Amino acid sequence: MALTNLLRCCEVACKEMTPMLTELYGMIGKGTAKEKADKSIFTVADGLVQCLVAEKLLGNTGVKIVGEEDATVQIQQSPFMVGDLTIPKEVEESITKITEKFDELKKTLLSDDNKTFSTLTAFIDPIDGTREFSTGLGEQCSICIGFAIEGKPVAGIVYRPLSNPPTWASGCLSEGYTSGNITQCKEPAPVGSHVLTSNGGISTFIENYMATKPAERVKSGGVGNKMLMLLEGGPKMCYFQDRGVSRWDTCAAQAILESRGGVLLKLSPLIASGATECYTYKESDVNLDFTPSEAVLSLYNCTDKSQAGEIATSASQVQPYANLAGLFALHTNDKETLESFVKIFQTLAKDTKPSYN
């Protein structure tokens, strides 16, 4: 039960980091955040959580790491730094205590089945929903830690540290393990009558679905958070989008949904032929799920920002871990239910194609 034990260690790790994140959340606007080249937000919390999980907890365990952030983190001596951002001195003691606790957790991991760990690739989104974290909507952000073997998600945890109380779910289908403190709704309801969307703008394709169904829009941030809301909302909830996210957003979410009988699929092949395909979760320098002339380049998914707005014709134009084919997530893998969505999507796509950007 190596994956179960790994998830339990990650659960403890997320709980240990929660007080630190609560402190940092109260310090947003005090030089702890900045805008990246793709216009997304980066905070010291992003760099810290990735460093603590990838290096202090999982480092030297044999697990390969794919993380969203690449900033250098220095927490050996004061002042602590994340890239060119200074970590507030008030938080340094908390960080030191966390590293000590993670040293103990790592000993537990190293005493376990290292053969399993060497087959794993971890996909980490340290703060999924950073914009919400930095704009007073912290209850919508989450820590996402997913584990894949041979490109398939097998275990994961999504943890909302700033909800009151913190809420989370974890799961591993192959070991029959599910855990967490969310209340999964199973009450009968019209399937897909509520659509989880981002807080910002949505595509015409999603607008047309809501008008046709009809369905109510439920706004919220972060893929991990919306996956938890999908479980909490039960049959009435569905989650699909044609704008791009990344593998570290969806790896943990897919593993958790599958452990509870749900699905997280690519939207494009589902619409094209009803095919239930998933993204490939492997460490790679190129995008393993690229389809020429399907996706639109954006500041978020392209390698050359000057090409934003163009159609992607080569894998060299896109980030290796960008999800370019949209996504569709549901609480169930029931064949008839999936087919009902396929019919609606295919009808809508005749008039308005998904954006895939």
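Located above this text is the structure these notes cover.
(A) Representation of the packing of helix α2 (residues 44–57) against helix α3 (residues 92–110) within the structure. Interhelical geometry of α2 versus α3 gives an angle of 35 degrees and a closest axis separation of 9 Å. Between α2 and α3 lies a crossing whose hand is right-handed. Where α2 abuts α3, its residues Leu48, Leu52, Val53, Glu55, Lys56 and Leu57 lie against Ile95, Ile98, Thr99, Phe102, Leu105, Lys106 and Leu109. Looking at the contact of α2 with α3 residue by residue, the classes come out as 9 nonpolar, 1 polar and 3 charged.

(B) Geometry of the packing of aromatic side chains. Under the defined criterion, the tally for this structure stands at 13 aromatic pairs. Judged by centre distance (5.0 Å) and plane angle (80 degrees), the ring pair of Tyr209 and Phe240 falls under edge-to-face. Of the two residues, Tyr209 sits in helix α6 (residues 204–212) while Phe240 sits in strand β14 (residues 237–241), which places them 31 residues apart along the sequence. Phe240 gets classed as buried once you look at its relative accessible area, which sits at 1%. Aromatic pair Tyr209 and Phe341: ring centres 6.4 Å apart, planes at 20 degrees, arrangement stacked. With Tyr209 in helix α6 and Phe341 in helix α10 (residues 335–351), this residue pair connects regions lying 132 residues apart in the sequence. An aromatic cluster of at least three residues, connected via ring pairs, comprises Phe205, Tyr209, Phe240, Phe328, Phe341 and Phe345. Over the aromatic face of Phe341 sits the side chain of Lys213, whose NZ or CZ is 5.9 Å from the ring centroid. Against the face of Tyr279 rests Lys266, its NZ or CZ located 5.5 Å from the ring centre.

Rules used throughout
Residues numbered from 1 in each chain as written. Predicted model: local features only at pLDDT ≥ 70, side-chain atom pairs only at ≥ 80, totals over all residues. Heavy atoms only, no water. Axes fitted to C-alpha atoms, helices over the stretch in contact; angles between N-to-C directions. Helix = DSSP H or I, 4+ residues; strand = E, 2+ residues; numbered from the N terminus. Left-handed = near helix turned anticlockwise from the far one by under 90°. Contact = heavy atoms within 4.5 Å. Nonpolar A, V, L, I, M, F, W, Y, C, P; charged D, E, K, R; others polar. Phe/Tyr/Trp six-rings, centres within 6.5 Å; stacked < 30°, edge-to-face > 60°. Buried < 20%, exposed > 50% of the residue type's maximum accessible area, 1.4 Å probe, protein only. Lys NZ or Arg CZ within 6 Å of the ring centre and 35° of its normal.

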